[in-house]
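Structural overview for review
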Amino acid sequence: MNNTHDPSPVGESGEPLRVLQVLQSPRLMTRECLAGVVTALALIPEVISFSVIAGVDPKVSLIASIVLCLTLSILGGRPAMVSAAAGSVALVIGPMVHAHGVEYIFPAVVLGGTVQILFGLTGLSRMMRYIPRSVMIGFVNALGILIFFAQVPHVWGQSSFVWVMFVLTLLIVLLLPRVLKVVPSPLIAIAVVTGVALLMGYRLPNVGDEGPMSAGLPGLTQLLVPLNAQTLHIVWPTALSIAFVGLMESLLTAKLVDDITDTPSSKRRESWGLGVGNILAGFYGGTAGCAMIGQTIVNVELGRARSRVSTVAAAAVLLLLVTGSSKLLAQIPMVVLAGIMVVVALKTVNWHSLQPATLKRMPWSETLVMVLTVVVTVWTSNLALGVLAGVIVAMILFARRIAHVIHTERELSDDGESVRYTVRGPLFFASSNDLFEHFEYGHDPKRVIIDLTHAQIWDASTVAALDGIEYRYQRHHAKVIFEGLDVRSSDFHRRLTGNFDQ
């Protein structure tokens, strides 16, 4: 992600803009509302496209997106972050729909939202701190690639006029902000390209081609399946996937926006707020969602939005377009939206991480984790799988690296009657397995002191390893004394020692 951003939209002391501040400033109000307009227009084609993946009607996804965007604007923990019916969630809903039917989406979404609420209320969102920076960079780089290639079909193989409109869109979005900053350049690009296409009478592929855009609002979602064990058996795997994929993408996106804006967010509030939003979207709309990083970048980077007003405006504009202006909305050419999203993709990629000088300085393990995250994400088109693979490999490499930082110093007493081993370093399942090799069982005297002042016991594997070392010495008729343990390690060792088979 590019780290250059305009700090001016941030409030005092690095705090997010308050809604009251925006309402009291016509300039801020205009900027936030215009950013919301652009965001709403950027949401529509992707939401419609993702509805095909999920196997639901486009109108269902659009209404659910309105509910999610409005709910998270009020309850969410990250101002200016855009939540809607996202592709990552559509990918996990699709297989269940194809196997059992759309009627199972409603209970799956409600159950998934409940899990998200529990996740937030219990504070498990703090687990985000365990996602390494290399995985985060791989996440944003992979997302940039996915966003870019999702736009290719709207341009590649199209007519020369489509290519002209694509270039015109890029020029407006990239160059116009140098001379005009009051109105977001993507909004101007949408108006210009749509106007040119209509005035010249060219028939370009448009939003209406992506799916039916009937006006009006649906009613509440009806429960069409029985609430029994069989239904639970069908929906619970999808519900858990909805919950954890949505949480992962939303919390990673929130962290990204924190970095862009230099302002904090509440991950716990975002977690339970997303759960409430998904339950409401299930009852009125019918599908689930999470944060959409591409549209969030449109809102925060291109629109320079920083408050909840922008996402409320996005929800309101989306509602207006879906209910009353669906015919006008359907006329927007896909090429202008593709051009805007290409710029978003380029802004999403962390180009600094790909520079040869950066790659040369970074440890090979960090680069491997970043590349693996990108490859798995792009290969599967699933951000959650990419992040999961990156975290697992990062944990393995970290364990491998610190497993070899254990050092022991052997000191024989002057009278030769005892020996002292000083152990240094963290003792856990990986490092403690090598601990056996640091002792001279057959040559040591009958009294062995193992000093653990500079070591800590972190798991049961270490206690089992220490018991094994003591058992080996007992076979040589030597007595082992452990000393120097801190209070926590001592209590842990005392509670578990002697409970393992040797």
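All figures in this text were calculated on a predicted structure; none of them were measured in a lab.

With respect to the overall build of the chain
Of regular secondary structure, the chain possesses 20 helices and 6 strands. Summarising its shape, the C-alpha atoms of the chain cover approximately 100 × 60 × 50 Å along the three principal directions. Summed over its atoms, the accessible surface of the chain is roughly 22900 Å², and 64% of this surface lies on carbon and sulfur atoms.

So, the pairing of strand β4 (residues 418-427)
Here β4 lies mainly inside the structure; 7 of its 10 residues are buried. In this structure, strand β3 (residues 407-412) lies alongside β4, joined through 6 bridges in antiparallel fashion. Opposite E411, over in β4, you have R420 as the bridge partner. Count of turn residues in the β3/β4 antiparallel hairpin: 5 residues, of which G416 carries a positive phi of about 75 degrees. As paired elements, β4 and strand β5 (residues 447-457) share 9 bridges and run parallel to each other. Opposite Y421, over in β5, you have I450 as the bridge partner.

Structural notes on the packing of helix α11 (residues 293-302) against helix α14 (residues 334-348)
Here α11 crosses α14 at 85 degrees, and the two axes come no closer than 10 Å. With respect to their mutual orientation, α11 and α14 come out roughly perpendicular. Each of G294, Q295, I297, V298 and L302 in α11 lies in contact with α14, whose residues at this interface are I340, M341, V343, V344, K347 and T348. Class assignment of the residues belonging to the contact of α11 with α14 gives a composition of 7 nonpolar, 3 polar and 1 charged.

Some remarks on unusual backbone geometry
Positive phi is not limited to glycine here, since A80 has a value of about 75 degrees. Position of A80 among the secondary structure elements: in the loop between α3 (58-75) and β1 (83-84). For R304, which is not glycine, the phi torsion reads 60 degrees and is therefore positive. Counting through the fold element by element, R304 comes out in the loop between α11 and α12 (308-323). In this structure R304 comes out as partly exposed when scored by relative accessible area, which is 21%.

Focus: the packing of aromatic side chains
Evaluated as defined, the whole model comprises 10 aromatic pairs. Aromatic side chains F148 and F149 sit 5.4 Å apart centroid to centroid with 90 degrees between the ring planes, which places their arrangement in the edge-to-face category. Of the residues examined, F149 reaches a relative accessible area of 53% and is grouped as exposed. On the basis of an interplanar angle of 70 degrees and a centroid distance of 6.1 Å, the ring pair of W156 and W163 is categorised as edge-to-face. Of the residues examined, W156 reaches a relative accessible area of 64% and is grouped as exposed. Chaining the aromatic ring pairs together yields one cluster made of Y421, F439, Y441 and Y473. R488 extends its terminal NZ or CZ atom over the ring of W458, reaching a point 4.2 Å from the ring centre.

What to know about the side chain of S134
Mapping S134 onto the fold places it in helix α6 (residues 133-151). Judged by its relative accessible area of 6%, S134 is buried.

Things to note about empty space enclosed by the protein
Left-over empty space is what a probe sized like a water molecule reveals as it rolls over the atoms. Overall, the coordinates contain 2 cavities of 30 Å³ or more when judged by the stated rule. If you add up the space inside the largest cavity, you get close to 60 Å³. Residue lining of the largest cavity: L72, S73, G76, R78, P79, A80, M81, S83, E270, R308 and T311, and that is the complete set. Elements that contribute at least two residues to the lining of the largest cavity include exactly α3 and α12. Partitioning the lining of the largest cavity into residue classes produces 4 nonpolar, 4 polar and 3 charged.

Some details on the confidence of the model for the chain
Counting all residues, the mean pLDDT for the chain is 85, and 93% of those residues have values of 70 or more. Below pLDDT 50 for its whole length, residues 1-9 participates in 28 contacts with residues either more than four positions away or in separate chains.

So, the pattern of salt bridges
It is possible for side chains bearing opposite charge to pair when their charged atoms get close. With the rule as written, the count across this model stands at 10 salt bridges. Here E409 and R424 are joined by a salt bridge, their closest N and O atoms 3.2 Å apart. Residue E409 is found in strand β3, and its partner R424 is found in strand β4; the two are separated by 15 residues along the sequence. Residue E409 is classed as partly exposed on the basis of its relative accessible area of 42%. A relative accessible area of 32% means that R424 is categorised as partly exposed. Here the residues in one salt-bridge network are R78, D258 and K267, joined through shared partners.

Quick look at the sheet that holds β3
The strand order across the open sheet built from 4 strands is β3-β4-β5-β6, with neighbouring strands paired in mixed fashion. Edge positions in the sheet fall to β3 and β6 (479-483), since each of these pairs with one other strand and no more. When the angles between neighbouring strand axes are averaged without regard to direction, this sheet yields 20 degrees. Running at roughly 170 degrees to β5, helix α19 (residues 460-475) makes contact with β4, β5 and β6 of the sheet. Here helix α20 (residues 487-496) sits on the sheet and contacts β5 and β6; the angle it forms with β5, its principal contact strand, is near 120 degrees.

Conventions used here
Residues numbered from 1 in each chain as written. Predicted model: local features only at pLDDT ≥ 70, side-chain atom pairs only at ≥ 80, totals over all residues. Heavy atoms only, no water. Helix = DSSP H or I, 4+ residues; strand = E, 2+ residues; numbered from the N terminus. Areas by Shrake-Rupley, 256 points an atom, 1.4 Å probe, with all protein chains shown as cover. Buried < 20%, exposed > 50% of the residue type's maximum accessible area, 1.4 Å probe, protein only. Pairing = 2+ DSSP bridges. Axes fitted to C-alpha atoms, helices over the stretch in contact; angles between N-to-C directions. Parallel < 35°, antiparallel > 145°, perpendicular 65-115°, else oblique. Contact = heavy atoms within 4.5 Å. Nonpolar A, V, L, I, M, F, W, Y, C, P; charged D, E, K, R; others polar. Phe/Tyr/Trp six-rings, centres within 6.5 Å; stacked < 30°, edge-to-face > 60°. Lys NZ or Arg CZ within 6 Å of the ring centre and 35° of its normal. 1 Å grid on protein atoms, 1.4 Å probe; cavity = no way out; pocket = protein on both sides within 12 Å on 5 of 7 lines; lining within 4 Å. Points joined across faces, edges and corners; volume = space filled by probe spheres on them. pLDDT = per-residue confidence, 0-100. Salt bridge = Lys/Arg side-chain N within 4 Å of Asp/Glu carboxyl O.

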